[in-house]
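The primary structure of each chain is shown beneath.
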Amino acid sequence: MQPNRRTVLKGAASAAALGTSGALGTFSELALAQANLRAQITQIPGVGKGAPTDADWQKVGELCLGPTKASIKEGEFKGVELSFMGLNNQNLHNLLFRGFLKPWEAYTGAKISWIDLAQADYNPRLQQAIATGTVDFDILEMGAPFEGDVCGKGLASEMPDWVKKQIDIDDYVDYLKPPVGTWNGKTYRVTIDGDCHNFNYRTDVFSDPALAKAWKDAGNASEWGVPKTWQQVQAVTKFLKGKKIKNQNAFGYLDAPKPWGGFGFYFLGSRASAYAKHPDDKAWLFDIDTMKPRINNPAWVRAIQDVIDALPFEPADQLNADPNTTGFQQFLAGIGSMIPWWGDIGQVAKASDTSVIGDIVGFDILPGSDDVYNSKTGQWDKLASGPNHAPNCAYLGWGVYVMARVNGDEKKHKAAWSAAAHLGGKDLSLWMVMYPSGFQAHRASHFQYDEWVAAGYDKKYITSYLNSQLASYNHPNRAVEPRIPGIFQYYSIAEDELTKIFAGKVDAQTGANNIAAAWEKLTDQIGRERQIGLYKASLGV
């Protein structure tokens, strides 16, 4: 953020309140230094100047070492060895962390070894470590949905107060503040990601005059344009089958039916939330007082049936597409015109060599529905306010957690938290959400639009992108992720059954009933009363 008259005056007022006549100069120098640093790192390599490399990551990590140097002496962690477990999706996540932490290792003297996991392997590997009591990592990249499994079992280390100050924890957007990142009132997570599914679409497809004429010629009364409801998404997907755009086959929505280690369930959730999340009811996955699954109610079955109905109009072999395929191999490569995804698509479209759609993509919150299922009455309601929207705040973002196993070693404990604080630093986080990283805007300070424009983003593009996220984070009817133990076991069970449904082995209702029955058994196995309490807490009830 560039200092302006308001921020300088604010600083002057603070200095006056403190009675330190020399503080204004110090404040101004610090503010300018931070602004200069943020402007400097966001030019590495510069948006539209090619995908960042390991050398860029190391350079950014070096430039952002100031907060570490303020609290850690050079060589203070010499002899400390740490193990870090996380993802290597799209050659990002852990690979970026390596680059960012290399200068940290050189300065502090600590050494880090890495456990890299594909997304589909993450949940089984983590659950195995929990179940067998063989946690073999000191630092963990993990999402808030797993906090019930990890923090609830005492496996994580509580965040020291000095880390909270170093990372400016109060800067997180509201929906990622406690209880997210906490358990029993204690803070455990350095947040490095936001996460919600937004709606990504091709602007050229929905402004194409030939398609607009064909749409009218087909007898459609509405104007050709970006769908605002799932009913419109289905109609457009069926219409585009067999059409051309820029001499290429045109396709509408891209489903991701292939299992993805539990993470693929979020994509059905994004189709279902507008049907299943009623504004008068905070719950949408389970009944809040009984944990009875809703996955087999008419809303979820309708979403499953939508996928079944849409697949014949999507690219060949779409049945074998997982979310990585739809996002990175199809949509960013120019195949299809609509997908839900996390914030990765907006960054990669503009700042990666792998994208061909950087100038023709727009963003919105997830589509709504003309009606919404009311689980309390068993009826479909049409809202007086219009279509029901319920953005899917899927996963609550990645964070960095330190494991409790370092608690008995003061030097190792401090080193692990210092590494986590470096990765979650305020300035470093701006670079991560601006470039391909796997992470989405998650701090109030990330929504300074001028910083993005200065880095090379088009103003209209970045306004559309960031607004879609803010509107999801702040939506009054957002669908909130349950932070309950075993949540990815529920999701993985669902993925396995959905595979049978989408392959035509069982119908939508029968398959959904199978999921519900399996979820009931899992709830009893984990403990129904405790799950009810934690589910209510996660929804703020």
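Structure first, text after, so check above.
Residues numbered from 1 in each chain as written. Predicted model: local features only at pLDDT ≥ 70, side-chain atom pairs only at ≥ 80, totals over all residues. Heavy atoms only, no water.

## Thoughts on the overall build of the protein
For the protein, the count of helices and strands is 21 helices and 16 strands. Whereas a compact globule of 541 residues would reach a radius of gyration of roughly 24 Å, the protein reaches 24 Å, a difference of no more than 12%. C-alpha extents for the protein along the principal axes are approximately 70 × 55 × 45 Å. Taken over 541 residues, the protein has a buried fraction of 57%. Long-range contacts, defined as pairs at least 24 residues apart, comprise 75% of the intrachain contacts of the protein with a sequence gap of at least 6. If the 54 positive side-chain charges of the protein are averaged to one point and the 58 negative ones to another, these points end up 2 Å apart. (Helix = DSSP H or I, 4+ residues; strand = E, 2+ residues; numbered from the N terminus. Rg over C-alpha atoms; globule rule 2.2 N^0.38 Å. Buried < 20%, exposed > 50% of the residue type's maximum accessible area, 1.4 Å probe, protein only. Contact = heavy atoms within 4.5 Å. Lys, Arg positive; Asp, Glu negative; His and termini not counted. Charge placed at Lys NZ, Arg CZ, Asp CG, Glu CD.)

## Some points on helix H3 (residues 54-63)
Since there are 3.6 residues in each turn of an α-helix, residues three or four apart along the chain are aligned in direction. Burial in H3 covers these residues: Asp56, Trp57, Val60 and Gly61. Taken down its axis, H3 places every buried residue within 135° of arc, on the same side. (Arc of directions from axis to C-beta.)

## Quick word on the environment of Leu534
For Leu534, the position within the fold is in helix H21 (residues 528-538). For Leu534, a relative accessible area of 18% puts it in the buried group. Aside from chain neighbours lying at most four places away, what touches Leu534 is Trp183, Arg483, Ile484 and Pro485.

## Overview of the pairing of strand E15 (residues 398-402)
Across the five residues that make up E15, a large majority, five, are buried. Burial of E15 is two-sided: the residues Trp398, Val400 and Val402 facing one way and the residues Gly399 and Tyr401 facing the other way are all buried. Here strand E3 (residues 139-143) pairs with E15 via five bridges, running antiparallel. Residue Met142 lies in a different strand from E15, and its bridge partner there is Gly399. In this structure, strand E6 (residues 189-191) lies alongside E15, joined through three bridges in antiparallel fashion. If you follow Val190 over to E15, its bridge partner there is Val400. (Pairing = 2+ DSSP bridges.)

## A word on the nonpolar core
Among the nonpolar cores identified, the biggest contains 167 residues, and Tyr122, Leu126, Val190, Phe265 and Trp431 are the most heavily contacted of them. Apart from the residues within four sequence positions on either side, Phe265 is in contact with Leu285, Ile295, Trp300, Tyr491, Ala494, Glu495, Leu498 and Trp519. (Core = buried A, V, L, I, M, F, W, Y, C linked by side-chain atoms within 4.5 Å.)

## A word on the sheet that holds strand E1 (residues 81-87)
Spatially, five strands are ordered E2-E1-E3-E15-E6 in an open sheet, and the strand pairing comes out mixed. Looking along the sheet, the strands with just one partner apiece sit at the ends: strand E2 (111-117) and E6. Within the sheet, the average angular offset between the axes of one strand and its neighbour, ignoring direction, is 25°. Taken together, the two bridges between E1 and E3 define a ladder with parallel strand orientation. In the sheet register, Met85 faces E3, and the bridge partner there is Leu140. In this fold helix H6 (residues 119-132) packs onto E1, E2, E3 and E15, with an angle of close to 115° to the strand it touches most, E3. (Axes fitted to C-alpha atoms, helices over the stretch in contact; angles between N-to-C directions.)

## Looking at the packing of helix H11 (residues 265-276) against helix H12 (residues 298-310)
Close contact between H11 and H12 brings their axes to 8 Å; oriented N to C, the two are set at 120°. Considering their axes alone, H11 and H12 lie oblique with respect to each other. Judged by the twist between their axes, the crossing of H11 over H12 is right-handed. Contacts from Phe265, Leu268, Gly269, Arg271, Ala272, Tyr275 and Ala276 of H11 reach H12 at Ala299, Trp300, Arg302, Ala303, Ile304, Asp306, Val307 and Ala310. Here the residues of the contact of H11 with H12 are counted per class, giving 11 nonpolar, one polar and three charged. (Parallel < 35°, antiparallel > 145°, perpendicular 65-115°, else oblique. Left-handed = near helix turned anticlockwise from the far one by under 90°. Nonpolar A, V, L, I, M, F, W, Y, C, P; charged D, E, K, R; others polar.)

## Side note on the pattern of salt bridges
Considering all chains together, one arrives at 27 salt bridges under this definition. The salt bridge involving Glu451 is made with Arg38; its shortest N-O contact spans 2.9 Å. In this pair, Glu451 is assigned in helix H17 (residues 449-455) and Arg38 in helix H2 (residues 23-41), connecting sequence segments 413 residues apart. The partner of Arg271 in a salt bridge is Asp306, and the shortest N-O contact between them spans 3.8 Å. Of the two residues, Arg271 sits in helix H11 while Asp306 sits in helix H12, which places them 35 residues apart along the sequence. Here Asp306 falls in the buried class, since its relative accessible area comes to 10%. (Salt bridge = Lys/Arg side-chain N within 4 Å of Asp/Glu carboxyl O.)

## Focus on helix H13 (residues 323-330)
For H13, a buried count of seven out of eight residues is recorded, marking the element as mostly surrounded by other parts of the structure. Summarising the contacts, the buried residues of H13 are in contact with H11, strand E10 (338-341) and helix H14 (344-351).

## A short note on the environment of Ala349
Here Ala349 is to be found in helix H14. Overall, the relative accessible area of 6% leaves Ala349 in the buried class. With 93 residues separating them in the primary sequence, Ala349 and Ala256 have C-alpha atoms 19 Å apart. With sequence-adjacent residues up to four places away left out, Ala349 is seen in contact with Leu332, Ser355, Ile357, Gly358, Val361 and Tyr461.

## Quick word on the state of the cysteines
Across all of its chains, the model carries zero disulfides by this definition. Counting only cysteine sulfurs, Cys393 is the nearest neighbor of Cys151, a cysteine outside any disulfide, at a range of 20 Å. (Disulfide = S-S within 2.5 Å.)

## Comments concerning the sheet that holds strand E11 (residues 361-364)
Strand order across the open sheet formed by three strands is E10-E7-E11, with antiparallel pairing between neighbours. Two strands bound the open sheet, and with one partner strand each, they are E10 and E11. Direction aside, the axes of adjacent strands within the sheet are offset by 30° on average. Taken together, the four bridges between strand E7 (residues 198-202) and E11 define a ladder with antiparallel strand orientation. Paired with Arg202 across the two strands is Val361, which belongs to E11.

## Considering the packing of aromatic side chains
Counted under the stated rule, the structure contains 51 aromatic pairs. Taking the ring centre of Tyr275 as reference, the NZ or CZ of Arg302 above it sits at 4.4 Å. A cation sits over an aromatic face here: Lys350 above Tyr461, 4.9 Å from the ring centre. (Phe/Tyr/Trp six-rings, centres within 6.5 Å; stacked < 30°, edge-to-face > 60°. Lys NZ or Arg CZ within 6 Å of the ring centre and 35° of its normal.)

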